[in-house]
Structure formats: structure tokens, C-alpha cells
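# Analysis of the macromolecular model
Now for the letters of each chain:
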Amino acid sequence: MREKYKVTEICELDFGCEGRPEGMEDLVQVRLCSAAGEDIILQVPDAGLYEQDITEGSEVFLMDGKLKKALGNDWIEKCGGKMDAQGFIRQMERLKTGETTVCPFCGGMVLMTAAENGKYKFSCDSCDMYFISECR
């Protein structure tokens, strides 16, 4: 699983009295802290933080130099009514036979990770998302 970071600080860049150069994307400086206490500082587009609701205190993954908000586990809860239920059921049946699919949140690999008494757990190998099914 990818390492998860906590956003400890978000600061606007200071361009002095000249202001941000015309046409330059609005960037912010983000400080991340790993579970091991390692700090990482990067500049990222401010709009991307707003799109994903990343704020100070958010947990994120760093993927190819971009931040992806950790969605906090339950896949179905996060998707809400936005998913194609029939497509989801077909996909779940394929996963139960050992196939894999791509995680819609991070691009990692989703596979069945547990099966017991008619309950199935499907997890992403790259982020913190999972879902549990009791369908037979």
C-alpha cells in the first residue's frame, strides 16, 4: 500500500509587490508529514486542493508528484448514488472469480482480499479504499 501523509500546512506563495506573474497557475506550498515523521514540501495547484477538499489535517497519497486525498476506507459510502449499480455487481462477480480491476480513486489494483460465510472484502492494493459485500 502507498504511504499516506498528513497535510500539516498550506501556504500561499509570496510573489512580493509584483504579485503573481500573469498567466501563472495559482500554486500553493503544501507541507506533508509521513507516519515516520518525514516532512515533504511541494508546490501544487490550489484548484486541485479545492476539487478534492484537501485542507490542513487531510490525509493524502503522493502519486506521481500529485496529491490524492485519502478517502478513508469505505468505497460504497464514498461513491454514494454516483455508481452504476448493475455495472458494479457485474464487476464484483468478476472479482470473486479472481480477476482484478482498476481503482477509480487512485489507479491501483482492486482484488478480492477476503471471503468468509458469504461475505467478500474487496480492497485496493494502492490506497485505503475497500468494500464489503454479502451478496451470494
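Residues numbered from 1 in each chain as written. Predicted model: local features only at pLDDT ≥ 70, side-chain atom pairs only at ≥ 80, totals over all residues. Heavy atoms only, no water.

## Looking at the overall build of the protein chain
The helix and strand tally for the protein chain stands at three helices and nine strands. When the helices and strands of the protein chain are read in sequence order from the N terminus, they spell out β-β-β-α-β-β-α-α-β-β-β-β. For the protein chain, with 136 residues in total, the buried portion stands at 32%. Partitioning the contacts of the protein chain with sequence separation of at least 6, the portion at a separation of at least 24 is 42%. Carbon and sulfur atoms make up 47% of the accessible area of the protein chain, which totals about 8700 Å². (Helix = DSSP H or I, 4+ residues; strand = E, 2+ residues; numbered from the N terminus. Buried < 20%, exposed > 50% of the residue type's maximum accessible area, 1.4 Å probe, protein only. Contact = heavy atoms within 4.5 Å. Areas by Shrake-Rupley, 256 points an atom, 1.4 Å probe, with all protein chains shown as cover.)

## Describing the pairing of strand β2 (residues 27-34)
Here strand β1 (residues 4-12) runs beside β2; their pairing, made up of seven bridges, is antiparallel. Its bridge partner being in β2, Y5 is matched across the sheet by S34. Across seven bridges, the pairing between β2 and strand β3 (residues 39-45) is antiparallel. Among the inter-strand pairings, Q29 is bridged to a residue of β3, identified as Q43. Taking the residues that link successive antiparallel strands as the turn, the β2-β3 hairpin has four residues, and the phi of G37 there is positive, at about 90°. (Pairing = 2+ DSSP bridges.)

## Considering unusual backbone geometry
At D53, a residue that is not glycine, the phi angle is positive and equals roughly 55°. Its place among the elements puts D53 in the loop between α1 (46-52) and β4 (59-63). The backbone of N117 shows a phi angle near 50°, a positive value even though the residue is not glycine.

## With respect to the side chain of S133
With respect to the helices and strands, the residue S133 is situated in strand β9 (residues 130-133). Judged by its relative accessible area of 5%, S133 falls in the buried class. Aside from chain neighbours lying at most four places away, what touches S133 is M92, G118, K119, Y120 and F122.

## Overview of the packing of aromatic side chains
Evaluated as defined, the whole model comprises one aromatic pair. Ring centres of Y120 and F122 lie 6.3 Å apart, and the angle between their planes is 25°; this geometry places the pair in the stacked category. As far as the burial class goes, Y120 and F122 line up, both buried. (Phe/Tyr/Trp six-rings, centres within 6.5 Å; stacked < 30°, edge-to-face > 60°.)

## Some words on the sheet that holds β3
Pairing in this open sheet of five strands is antiparallel, and the strands run β3-β2-β1-β4-β5 from one edge to the other. With partners counted over all chains shown, the strands left at the sheet margins are β3 and β5 (66-69), one partner each. Between one strand axis and the next, the sheet turns by 45° as a mean value, whatever way the strands run. For β1 and β4, the ladder comprises three bridges, and the chain directions are antiparallel. Considered in β4, the bridge of K4 is made with F61. (Axes fitted to C-alpha atoms, helices over the stretch in contact; angles between N-to-C directions.)

## What about the sheet that holds β9?
Spatially, β6-β7-β8-β9 is the arrangement adopted by the four strands of the open sheet, whose pairing is antiparallel. Looking at which strands have only one partner, the edges of the open sheet turn out to be β6 (101-102) and β9. Examined bridge by bridge, strand β8 (residues 119-124) and β9 share four bridges and lie antiparallel to one another. Opposite F122, over in β9, you have F131 as the bridge partner.

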